[in-house]
Structures are given as structure tokens and as C-alpha cells.
Amino acid sequence: MKEYNPEELIKAARKARNFARAKYSNFRVGAAIITDEGEVFTGCNIESSSYSMTICAERVALTKALSEGKERFKALSIVAKDGAFCPPCGACRQLLFDYAPDIDIVLSDGNDYQIFKLRDLLPHAFDDSNLGEK
Ligand code: THU
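The following refers to the structure shown. (Residues numbered from 1 in each chain as written. Predicted model: local features only at pLDDT ≥ 70, side-chain atom pairs only at ≥ 80, totals over all residues. Heavy atoms only, no water.)

Some remarks on the state of the cysteines
Thinking step 1. Inspection of the entire model under this criterion finds zero disulfides.
Thinking step 2. Of all cysteine sulfurs in the structure, the one in Cys56 sits closest to Cys44, which takes part in no disulfide; the separation is 11 Å.
Thinking step 3. Note on Cys44: relative accessible area 9%, which makes it buried.
Thinking step 4. Unpaired in this structure, Cys56 has its nearest cysteine sulfur neighbour in Cys92, at a distance of 3.8 Å. (Disulfide = S-S within 2.5 Å. Buried < 20%, exposed > 50% of the residue type's maximum accessible area, 1.4 Å probe, protein only.)

Concerning the site of the ligand
Thinking step 1. Near the ligand there are 13 residues, and of these Asn45, Glu47, Cys56, Ala57 and Glu58 occur at the shortest range.
Thinking step 2. Here an oxygen atom of the ligand sits 2.5 Å away from a polar atom, N or O, in the side chain of Glu47.
Thinking step 3. Glu58 has a polar side-chain atom sitting 2.5 Å from an oxygen atom of the ligand.
Thinking step 4. Bound to the protein, the ligand loses 78% of the 370 Å² it would expose on its own. (Near = heavy atom within 4 Å. Polar contact = N/O pair within 3.5 Å; in protein donor to acceptor, adjacent residues only side chain to side chain. Areas by Shrake-Rupley, 256 points an atom, 1.4 Å probe, with all protein chains shown as cover.)

And the structure:
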């Protein structure tokens, strides 16, 4: 399993942020997820006039990778406004936990970065084990 370079992953997220479709909130977000093999998939937030249909950058990156058959992930980076870290929302934490419970979350404020374990950001998570017997 290859290691990943947090700064490279942040760079990819920053590039993806340029494509954000955020005309309702003007809050532009970019994300990049790296597989165990070192392949990177990026995403940006995509907003809808029916606001609740909006998709976060993290879920765009994750679903792009999943829909290409990728199964194992090392890290996901998130970039939003310069000067502020943007932690993933609750919905993204859940979907990420379902498919990548051991992933690192790399937050950048445009200057510094911080790395968290998703497990620490979503303690006592709901998952398969809670569904019980079919
Ligand atoms: N957003 C993301 O893309 N990721 C996050 O982690 C937080 C929020 C988006 C959703 C919406 O388009 C805008 O930011 C404001 O909430």
C-alpha cells in the first residue's frame, strides 16, 4: 500500500474547488480522495435550486471513485475558504464511514493542514452491524 502526500492531495482538492457550482451559498468546496493504489478522484460541491438536493464535494469525490470500482481508500482532503478549515458535514461522515471507515481526513485552510481519523470525527457510528439479521 502506497503512502500518500497530504500536500499533493490538498493541491488536487484546491484544483477541484475551481469547478464548484455554488451560486446559492457562494461557499466553494473542493475534495480529493486517494485510493490505496494512489489513484486520486476529485469532487466539488454542486448546488441545486432545490437546496436540499445539493451534493457536497466529499460525496462527489467518493461516489466518483466508488462508481469506477475503487474499494480501498487512504485519505480524503477538503479545501474551502482560505483561512478556515472545513470539516466534513455529518452526512458526508456517514457515507465515508460506510465505505472507508479507516480513512484519514486532511483539512487545509490554504496555509496549514490538519489530519484526523474519520473514526474520531464520527464516534459511535451507525453501520452495517446495526442492521442486524435480514
Ligand atoms: N459543503 C461541502 O461541499 N462540504 C462540506 O463539508 C460542507 C458543506 C457545501 C454544501 C453547500 O454547497 C455549501 O458547502 C454550503 O453548505
